[in-house]
Amino acid sequence: MSISWFCLWDAPKDGDVRLDAFDRGAMTALVKDCSGVDAGFLMVPADGHDPYFPDSRNPSALLLQLEFRDICALERALSVKGCLEPLADQALWPSLAGCSISHQAMMTRRYTVPDATIRSEDGSSLSYMVEYQGPAEDANAWHVSYMARHPLLLAKFPGIRAIEIYTPLSVVTGLPFRDRGAMQRNKTVFDSTEAMNTAMACPARDELRADALKLPPFSGAKDHFPFRADMIRGGPAR
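Since the structure is predicted, the reported quantities are computational estimates derived from the model, not experimental observations.

**What to know about the nonpolar core**
Okay, step 1: Trp5, Trp9, Leu64, Leu84 and Leu96 are the most contacted members of the largest nonpolar core, which totals 33 residues.
Okay, step 2: Counting only elements with at least two residues in this core, the list comes to strand S1 (3-10), helix H1 (21-32), strand S2 (37-45), strand S3 (60-68), helix H2 (71-77) and strand S4 (100-111).
Okay, step 3: Ranked by the residues each element gives to this core, the list is headed by S3, at five residues.
Okay, step 4: Among the nonpolar cores identified, the runner-up in size contains 17 residues, and Phe53, Leu126, Leu154 and Ile160 belong to it.

**With respect to the pattern of salt bridges**
Okay, step 1: Summed over the entire model, instances satisfying the criterion amount to 17 salt bridges.
Okay, step 2: With a shortest N-O distance of 2.6 Å, Arg119 and Asp115 are connected by a salt bridge.
Okay, step 3: We classify Asp115 as partly exposed; its relative accessible area is 27%.
Okay, step 4: Connected via shared salt-bridge partners are Asp10, Glu131, Arg180 and Arg185.

**Some thoughts on the side chain of His103**
Okay, step 1: Tracing the backbone through its elements, the reader meets His103 in strand S4.
Okay, step 2: When residues no more than four places from it in sequence are discounted, the contact partners of His103 are Trp5, Phe6, Cys7, Leu78, Val171, Thr173, Phe177, Arg178, Asp179 and Arg180.

**Focus on helix H5 (residues 203-212)**
Okay, step 1: Among the residues of H5, Ala204, Arg205, Leu208, Asp211 and Ala212 are the ones counted as buried. For H5, the arc enclosing every buried residue in end-on projection is 120°, short of the 170-degree limit, so these residues lie on one face.
Okay, step 2: Next to the buried residues of H5 lie helix H3 (139-154) and helix H4 (193-200).

**Digging into the state of the cysteines**
Okay, step 1: Under the definition given, this model contains one disulfide.
Okay, step 2: Free of any disulfide, Cys99 has its nearest cysteine sulfur in Cys7, 11 Å distant.

**Structural notes on the pairing of S2**
Both faces of the sheet carry side chains from a regular strand, because those side chains alternate between them.
Okay, step 1: Across the nine residues of S2, seven count as buried, placing the element largely inside the fold.
Okay, step 2: Across six bridges, the pairing between S2 and S3 is antiparallel. Of the residues in S3, the one forming a bridge with Val37 is Phe68.

**Details of the environment of Gln90**
Okay, step 1: Counting through the fold element by element, Gln90 comes out in the loop between H2 and S4.
Okay, step 2: When the C-alpha atoms of Gln90 and Ser100 are compared, they prove to be 9.5 Å apart, with 10 residues separating the residues in sequence.
Okay, step 3: Not counting residues within four places of it along the chain, the set of residues in contact with Gln90 comprises Gly98, Cys99 and Ile101.

Criteria and thresholds
- Residues numbered from 1 in each chain as written.
- Predicted model: local features only at pLDDT ≥ 70, side-chain atom pairs only at ≥ 80, totals over all residues.
- Heavy atoms only, no water.
- Core = buried A, V, L, I, M, F, W, Y, C linked by side-chain atoms within 4.5 Å.
- Buried < 20%, exposed > 50% of the residue type's maximum accessible area, 1.4 Å probe, protein only.
- Helix = DSSP H or I, 4+ residues; strand = E, 2+ residues; numbered from the N terminus.
- Salt bridge = Lys/Arg side-chain N within 4 Å of Asp/Glu carboxyl O.
- Contact = heavy atoms within 4.5 Å.
- Arc of directions from axis to C-beta.
- Disulfide = S-S within 2.5 Å.
- Pairing = 2+ DSSP bridges.

As structure tokens, then:
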């Protein structure tokens, strides 16, 4: 089981902030040179229609997901003078000016899908990210209920390429990132916006919604946002 580190740049309200090509290239190079990273996903907001959340406004100009081999590798990267320290210097990322930065480390659980091969012309994918802020009245009971049924229903979606569920992990950092503190996240992956829209229109989406209404009580928002995701290969082992 790997560790996923999420870092989000949330734009100011009513602000139109977009990652430009220069900052994208610089961030990609930074991740490629970061020791201990198995894979990275650079995600920017994308179109996508979920009939149960048709008017969701994505506040994040950028979501960076990095997969680490172990907690020690992640904490080295998040230390002062670690390989991820430049992310905390907002002057280095002018296209993201004005964004608030938050982060969270989480354990990654992967579930089987019928066909995991991404079939897009440029290798990108559509990641549909869900964030449950919580807390739940009984966190363990909530996770047990969710994981018992949701992955089986998600696997019925046509064209689904990946299912991942994340739960919180404490991490020590020397960098000034605000803790995101979500109770749970999950990610479903499709080839494109069109593929996601097709999946969201299938009967399994209605089954998933019905199951969500049976989950144990919890508070806080649950956000559903599609992102275009570009994969970045892992960094060197040092």
